Amino acid sequence: QANTHQCQHVKESGPPPSSDDRITLVVEGTRFIVDPAIFTAHPNTMLGRMFSSGLEFTHPNERGEFEVAEGFSSAVFRAVLDYYKSGTVRCPPSVSVQELREACDYLLIPFDANTIKCQNLRGLLHELSNEGARQQFEGFLEDHILPLMVLAAQRGDRECHIVILLDDDTVEWDDDYPPQMGEEYSQTICSTAMYRFFKYIENRDVAKQVLKERGLKKIRLGIEGYPTYKEKIKKRPGGRAEVIYNYVQRPFIRMSWEKEEAKSRHVDFQCVKSKSVTDLAEATADPALDRVVTLDPPPVALGHEAPAEPVLPLEGAVGGGDNHQDEGAIGG
């Protein structure tokens, strides 16, 4: 049996609204009887948009009720309704901060320290950090990362590997003895602010989610060693030199925009009958030469003529002998 809750809306002036103005919202089998005026007072929220222009944009069920917030519990919706009455939302103990955050995002209710009140400060600060990290990384993406991705794409590459260095990091590679680990194909960004951002694994998770939403693939973020300057050179037996570089641990980010990534890592070989031109004279002729193939009989020794082999008529053959005509043959 469905529960029913009445949410009174008391105006600062004037009589309270009559019961005829109220509507019924159904969330997870629970009915909430409310005055739509509390929603229209916040037109930027989803429910405010839903009822601000009249009921012609809504779709009530056969009982005239409105089913909203599908996928969310009645407990979280009951908590969210407090925003329309007091401007704040208190997270009940039975509702996680993440669930409350998802409901606020869906209903277009601001989720910040002024709006959300809860006992679980760790959960609240985590969600606020996620939002702050998303906004910060989107700025890094547009200002620093995307230009390097464009340069890689203009070279014909379909992936990009970027290492984040500190502003005061010094990179001095010996041209005669460069690092032997492929770092010469990496690109670097000197940004202490981005370095501090990427040192948190949860910020890297947010950045990875943003890159996925932007359509990139094979995204990897982490910490790796990066060579900065040459420390010394060792001479190996035989005269071969081994260079030793100083490595520092720095964040890296790697992503790909290759569409056919599953087909670029291997090559399939198949033996087929070649239709290519193998005659060099024909290949270079202009116009192309007509290929005429002549099959000459084998040479016959003098005085020893080979006996003539009987010619058997072929069904459907073209042409024929002088004294007979094969069935189905053309000519005669």
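Just so you know, these numbers come straight off a predicted model, no measurement behind them. (Residues numbered from 1 in each chain as written. Predicted model: local features only at pLDDT ≥ 70, side-chain atom pairs only at ≥ 80, totals over all residues. Heavy atoms only, no water.)

Peer 1: Break down the pairing of strand β8 (residues 187-190) for me, citing the residues and quoting the values.
Peer 2: Judged by which residues are buried, β8 turns out to be one-sided: Q187 and I189 face inward and are buried, whereas T188 and C190, on the alternate face, are not. Pairing geometry for strand β7 (residues 159-165) and β8, over four bridges, is parallel. By the bridge assignment, I164 is partnered in β8 with I189. (Buried < 20%, exposed > 50% of the residue type's maximum accessible area, 1.4 Å probe, protein only. Helix = DSSP H or I, 4+ residues; strand = E, 2+ residues; numbered from the N terminus. Pairing = 2+ DSSP bridges.)

Peer 1: Requested: an account of the sheet that holds β7, with residues and values cited.
Peer 2: The four strands are arranged β8-β7-β10-β9 in an open sheet whose pairing can be described as mixed. A strand with exactly one partner marks an edge of an open sheet, and here the two such strands are β8 and β9 (217-235). The mean angle between the axes of side-by-side strands here comes to 40°, regardless of whether they run parallel or antiparallel. Pairing of β9 with strand β10 (residues 241-256), which is carried by 15 bridges, proceeds in the antiparallel orientation. Across the sheet, K232 pairs through a bridge with I244, a residue of β10. Sheet strands in contact with helix α8 (residues 201-213) are β9 and β10, and its direction is about 120° off that of β9. (Axes fitted to C-alpha atoms, helices over the stretch in contact; angles between N-to-C directions. Contact = heavy atoms within 4.5 Å.)

Peer 1: Could you give me a rundown of unusual backbone geometry, with the residues and numbers involved?
Peer 2: The phi dihedral of E28 falls on the positive side, at around 55°, and the residue is not glycine. Look at E28 and you get exposed, because its relative accessible area is 57%. Although it is not a glycine, L108 adopts a positive phi angle of roughly 60°. Checked against the element boundaries, L108 lands in the loop between α5 (97-106) and β6 (116-117).

Peer 1: Describe the confidence of the model for the protein, and please don't skip the residues or the numbers.
Peer 2: Per-residue confidence for the protein gives a mean pLDDT of 78, with 69% of residues at or over 70. Across residues 6-19 the pLDDT falls below 50, and counting only partners more than four positions away or on other chains, this stretch makes 13 contacts in the model. pLDDT under 50 marks residues 316-332. Its contacts with residues more than four places away, or in other chains, come to 13 contacts. (pLDDT = per-residue confidence, 0-100.)

Peer 1: Describe the packing of aromatic side chains, and please don't skip the residues or the numbers.
Peer 2: The geometry of an aromatic ring pair is captured by two quantities: the separation of the ring centres and the angle between the planes. Following the criterion strictly, the structure yields eleven aromatic pairs and no others. Summarising the aromatic geometry, the rings of F197 and F198 are spaced 5.2 Å apart at their centres and angled 90° between planes, so their arrangement reads as edge-to-face. For the pair F197 and F198, a shared accessibility class is recorded, and that class is buried. When the ring centre of F111 is taken as origin, the NZ or CZ atom of R101, which lies over that ring, is 5.1 Å away. (Phe/Tyr/Trp six-rings, centres within 6.5 Å; stacked < 30°, edge-to-face > 60°. Lys NZ or Arg CZ within 6 Å of the ring centre and 35° of its normal.)

Peer 1: An account of the pattern of salt bridges is needed here, citing residue identities and associated values.
Peer 2: Under the definition given, this model contains 14 salt bridges. A salt bridge links E142 to R214; the nearest nitrogen and oxygen atoms lie 3.3 Å apart. You can see E142 sitting in helix α6 (residues 121-154) and its partner R214 sitting in the loop between α8 and β9, a full 72 residues away along the chain. Among the salt bridges present, the one from D157 reaches R155, with a minimum N-O distance of 3.1 Å. Assessed through its relative accessible area of 33%, D157 is described here as partly exposed. Using a relative accessible area of 51% as the deciding quantity, one classes R155 as exposed. (Salt bridge = Lys/Arg side-chain N within 4 Å of Asp/Glu carboxyl O.)

Peer 1: Run through the packing of α5 against α6, naming residues and quoting values.
Peer 2: Between α5 and α6, whose axes approach to 9 Å, the crossing angle comes to 45°. What the angle tells us is that α5 and α6 run oblique. Relative to α6, the crossing made by α5 is right-handed. Residues V97, Q98 and R101 of α5 form the contact with α6, whose participating residues are G123, L124, E127 and E131. (Parallel < 35°, antiparallel > 145°, perpendicular 65-115°, else oblique. Left-handed = near helix turned anticlockwise from the far one by under 90°.)

Peer 1: Describe the packing of α6 against α8, and please don't skip the residues or the numbers.
Peer 2: Running from N to C, α6 and α8 point in directions that differ by 55°, and their axes come no closer than 9 Å. In this view, α6 runs oblique relative to α8, as classed from their interaxial angle. Along this stretch, α6 crosses α8, giving a crossing that reads as right-handed. Each of H126, N130, A133, R134, F137, E138 and L141 in α6 lies in contact with α8, whose residues at this interface are E202, N203, V206, A207, Q209, V210, L211 and E213. Residues of the contact of α6 with α8, tallied by class, amount to seven nonpolar, four polar and four charged. (Nonpolar A, V, L, I, M, F, W, Y, C, P; charged D, E, K, R; others polar.)

Peer 1: Give a description of the environment of L47 that names residues and reports values.
Peer 2: Turning to its location among the elements, L47 is positioned in helix α2 (residues 46-52). Remark: the alpha-carbon pair of L47 and Y84, spanning 37 residues in sequence, is separated by 10.0 Å. Each residue touching L47, except ones within four places of it in the same chain, is listed here: F39, V68, F77, Y84 and L107.

Peer 1: Residue-level account of the side chain of R204, with values.
Peer 2: Positionally, R204 belongs in helix α8. We note that R204 is buried and unpaired, the nearest opposite charge coming from D205 at a distance of 6.4 Å. Leaving out residues up to four positions away in the same chain, R204 has contacts with F198, K199, L221, G222 and I223. (Lys, Arg positive; Asp, Glu negative; His and termini not counted.)

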